[in-house]
Every structure is written in structure tokens, then in C-alpha cells.
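Architecture and fold: a report
Chain by chain, the residues run as shown.
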Amino acid sequence: MIIHLDLDCFFVSAERTRTPFLKNKPVVVCKSSDTKIFSHEDTECVMTESVGGFNSLFQHKKAFNGFDKTAWKKEFINEEGHIHGIVIAKSYEAKAYGIKTGTPLRDALAMCPNLLVVSSDHLFYQLLSTQLKAFLKTKIPVLEQYSIDEFWGDLHGWVCEEKTYDFIHTLRQEIMDTFDLPVSIGASTSKWIAKLATDFAKPFGLKIVPKEQIFAFVSPQPIENFPGIGKVLSQKLHEYRIETLGDLIAYRRLVSGWGRMGKELYAKVVGEDNEPVCTDRARSSIGIARNFAPIKDREELKRRMIILTRHLSHTMMKLSLHPTTYFFKIRYENGVKSQGSLSVDRAFSESFYRNLAIDFLVKLDTSPNERVHHLALYASNFVSRSHVKTFSLLSSEEDSKAKRLSEKLTQLRDKYGVDIVRAGIEKL
């Protein structure tokens, strides 16, 4: 059997482990704009990459002698008295009021007057997830981390199918006893059916779907319930009056006619994809993006782009990632966005990436009189260290020197912080 573990309301549950007062109450974890990353002052910054997502996190200490119900106001109410911030996690008690992930905090407070608000602490969540992963590795021989709060485990050759329920029941209780974290667990012969079973079991539940019961289990469920069926694919399926997973199975010939994507989707829905649990999933991309108060000053915009390239460069150097495709995006205050990408065979270095980003910023800024409130950078199509090369002889020596310098900078920043060496424009 393959099992899927999903921590229930993880960010909220994590906060409850250190603030028991929050238990059994309507709670939301919120995030506001990151004001520290663009500061002109040095900040104590740590990088986390244990689950494949990039976070630039600023370490801070919290006191937990009690819970201050009004502490959130300092961060989420601006000088004009306007409430900002977005709900990134909610307890089941808050969900009962209609609060969802992505709900503006001001709306959430109107929906639930007795709502308790907690400022997000991603460093704490990341560290807790890392500790849980280490614990699970002692219980499950083949473990794959899918996200900060989700895991797959392959029990083949470890736990016989007849003992699966006893195993996951004990595991769930051990996680609760050790970490005080509620978790739901699904099990089946397929990864994606196990994940669907977990969604069905929430909260703090267990659900096993044997191979012979997969069709009966999936058939009545709406297509939107299946992992990987997003808005675009869902709309396409609805155009053919495919409403449930049972309808999708019945339209096998139609769906399979959509090429590889259709064949893979059908195989996943019926539990015949045979996708293995992978202990080391290959990374497809890495990126960083920030929203901020709209600005018109292009020199300040350039400064912020350089700061983002520094943070992302540092992480890629630490992970020995060598991208060949770079993507950049800016979004204006009026909602219009401008984006573009470039594939280039050059050895990666911070200086190369910084210059590339500055050039792209000029090209993308098609409305120079409009204010900008969002910048995003992504890198993908990674090659191994042995395949890194610069095909231009004119750039080869320059890239080699820049790469060595980036390696030295990475060592310094690991020891003294990411802000220990910055470009001169960053403090202007």
C-alpha cells in the first residue's frame, strides 16, 4: 500500500503547539507584505529550502507567555487605519464562518467578530516540518515529501496490506503524541488515490481504498476533487458534460484522445498510473516574488529587482542549481502585467543573473509612467554541474571568474547572513 499524510490546518496547528490557548477557537494565520527584504538596513535573514520551496525568512523571536489578542494590529493596520493582509491558513472553527485561504483579513474579521489572528512564522513551520520528516523516516522506509505539510510513504515489503489500518492508526497517534499535530492519512495502491482518500478523511481521519474499491470510491466525486484537475482542465471537462470522476472514466476514449496528458489523467483516476514514491523529487523550477506598495521611482524598482536576484542567487548557489531558462514578471498598479523569459547557455553566477534581470526590467517596463507593485523572478531547466558550459569564447573566462566569486559570496553569507555583502545600489 501507498499512504498519504496531510497535516490538518498545518500553520494553525503549528501555532497551537506553542500557544495552546488557540485550540478549539476560530483562528487564522495571515501574511502581510514583506517590508524587510527591501530595507536599506541589514537584517538577520535565513534561507530555507528543505521542501523545495523558496522562502526568504527574517528570524524573529516571539514570546509565548500568553496570547495577545490585539498584537496583530501592529502588523496588519497601517497608518491610515486600513486593515491589510491575507489569510493563508484557517482553523476548522474559522472555516465554519465561510473564511477561506486567500480571504482578505478585513473580510475575515467581519465574517467572524471573535476571530483570533496570528502573524505567519514560516521559519517555525519549516523547522517543524523538517523535524516531522526526520521522524517519519524512522517509521517509513520510502518517504516522499510533497509539500511542507504533505508526505507519501511506500509500505510495500514493510507492512502487509492486512496490517495497513493498524499501522496508520498507530502512526497518526504517534505524530500527535510526539508533535501535538493532527494528521489525516489515506491509503491505496496508487499515490493519487491515496491523496484523494486523505481529502475524504479530513480532519484527523483515516481512509483506506483497496484496489477493488477504487472505482466505487472515485465515481461519485466531482472532477474538481481530484488532485491535478485545475480550473482550465475542469472547464474543458465540463464542456463535454463530464461532471464526476465516474463520467471521466466512462469517457475514456475521449480523454485518452487528448494525448499524453489525457492518458496519464485517466490512469491516475482509475489508480493504474503506477507512479512510484520518490525519495528525491527532481526540482522543476525555483523563484521568488514580492508584492509591495506601488512605486513609480524606476531606480528604486531597479534596486528591488537586484535585491531579489541576490536572494535567489544565494539559494541557487547553495543548492548547486544551474538554470538555463530565466523568467521575469512585473505587475502594474492597474493590474496589467508584463512578463518574459530567456533561455541561455551561460554558467550561472550572481553577477550574470543581476545584469540579466536589470536588462529584462528595462524591456518589460512598457508603461514607465505607471506605478509597479509586484516583481517576480523564476529559473528553470536545470543542468548538472558536469554539463554547465558557456558556448561563447568571449564570455567563458568572465563567467568562470564570476562563478568563483559567487561561490565565495555564498560561503560568506552562510556564515554571516545574506545581507553581509550587497550591491552598492541596494543602500542608495
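Preceding block: the structure.
Our subject in this report is the structure included herewith. Everything quoted here is computed from the prediction, not taken from an experiment.

Two pairing modes exist for strands in a sheet, parallel and antiparallel, and in both the strands are linked by backbone hydrogen bonds. If you trace the 4 strands from one edge of the open sheet to the other, you get S11-S14-S12-S13, paired in antiparallel fashion. The strands lining the two open edges of the sheet, one partner per strand, are strand S11 (285-295) and strand S13 (337-343). Each adjacent strand pair in this sheet contributes to an overall mean axis angle of 10 degrees, direction not counted. Two elements, strand S12 (residues 323-332) and S13, share 7 bridges in a ladder whose sense is antiparallel. Within the sheet, the bridge partner assigned to arginine 331 lies in S13 and is lysine 337. Packed onto the sheet, helix H13 (residues 298-318) meets S11, S12 and strand S14 (372-382) and runs at close to 155 degrees relative to S11. Set on the sheet, helix H14 (residues 350-364) makes contact with S12, S13 and S14; between it and S12 the angle comes to about 40 degrees.

Moving on: the side chain of arginine 16. Tracing the chain through its elements places arginine 16 in helix H1 (residues 10-18). At 2.9 Å, the side chain of arginine 16 forms a polar contact with the backbone oxygen of lysine 25. Those residues within four positions of arginine 16 in sequence are excluded, and the remaining contacts are Leu22, Lys23, Asn24, Lys25, Val27, Ser91, Glu93 and Asp180.

We now examine the environment of tyrosine 165. Mapped onto the elements of the fold, tyrosine 165 is located in helix H6 (residues 164-179). For tyrosine 165, a relative accessible area of 43% puts it in the partly exposed group. The contact partners of tyrosine 165, leaving out residues within four places of it in the chain, are Leu206 and Ile208.

With that settled, the discussion passes to the nonpolar core. Buried together is how nonpolar side chains tend to be arranged in soluble globular proteins. The biggest cluster of nonpolar side chains holds 36 residues, and the ones touching the most others in it are Ile3, Leu5, Phe10, Leu136, Leu171 and Ile175. Residue assignment for this core shows that the elements contributing at least two residues are strand S1 (2-7), H1, strand S2 (27-31), strand S6 (116-119), helix H5 (122-137), H6 and strand S9 (183-188). Setting aside residues up to four positions removed in sequence, isoleucine 175 forms contacts with Leu5, Leu132, Phe135, Leu136, Asp180, Leu181 and Val183. In this structure, Ile37, Phe38, Leu312 and Phe352 belong to the second largest nonpolar core, which totals 30 residues.

On to the side chain of glutamine 145. Its location among the elements puts glutamine 145 in strand S7 (residues 142-147). Owing to a relative accessible area of 8%, glutamine 145 belongs among the buried residues under this scheme.

What follows deals with the packing of aromatic side chains. With the rule as written, the count across this model stands at 17 aromatic pairs. Plain terms: the ring middles of phenylalanine 10 and tyrosine 125 are 6.4 Å apart, the flat faces sit at 65 degrees to each other, and that makes the pair edge-to-face. Here phenylalanine 10, found in helix H1, pairs with tyrosine 125, found in helix H5; they are 115 residues apart in sequence, far enough to count as distant. For phenylalanine 10, a relative accessible area of 3% corresponds to the buried category. Look at phenylalanine 21 and phenylalanine 67: their rings are 6.0 Å apart centre to centre, the planes differ by 25 degrees, and that puts the pair in the stacked class.

Attention now goes to unusual backbone geometry. For the peptide bond that leads from lysine 202 to proline 203, omega is -5 degrees, which places it in the cis range. For asparagine 24, which is not glycine, the phi dihedral falls at a positive 65 degrees. Here asparagine 24 lies in the loop between H1 and S2. By relative accessible area, asparagine 24 is classed as exposed at 68%. The phi dihedral of aspartate 180 falls on the positive side, at around 60 degrees, and the residue is not glycine.

Here is what the cut-offs are and how they apply
- Residues numbered from 1 in each chain as written.
- Predicted model: local features only at pLDDT ≥ 70, side-chain atom pairs only at ≥ 80, totals over all residues.
- Heavy atoms only, no water.
- Pairing = 2+ DSSP bridges.
- Helix = DSSP H or I, 4+ residues; strand = E, 2+ residues; numbered from the N terminus.
- Axes fitted to C-alpha atoms, helices over the stretch in contact; angles between N-to-C directions.
- Contact = heavy atoms within 4.5 Å.
- Polar contact = N/O pair within 3.5 Å; in protein donor to acceptor, adjacent residues only side chain to side chain.
- Buried < 20%, exposed > 50% of the residue type's maximum accessible area, 1.4 Å probe, protein only.
- Core = buried A, V, L, I, M, F, W, Y, C linked by side-chain atoms within 4.5 Å.
- Phe/Tyr/Trp six-rings, centres within 6.5 Å; stacked < 30°, edge-to-face > 60°.

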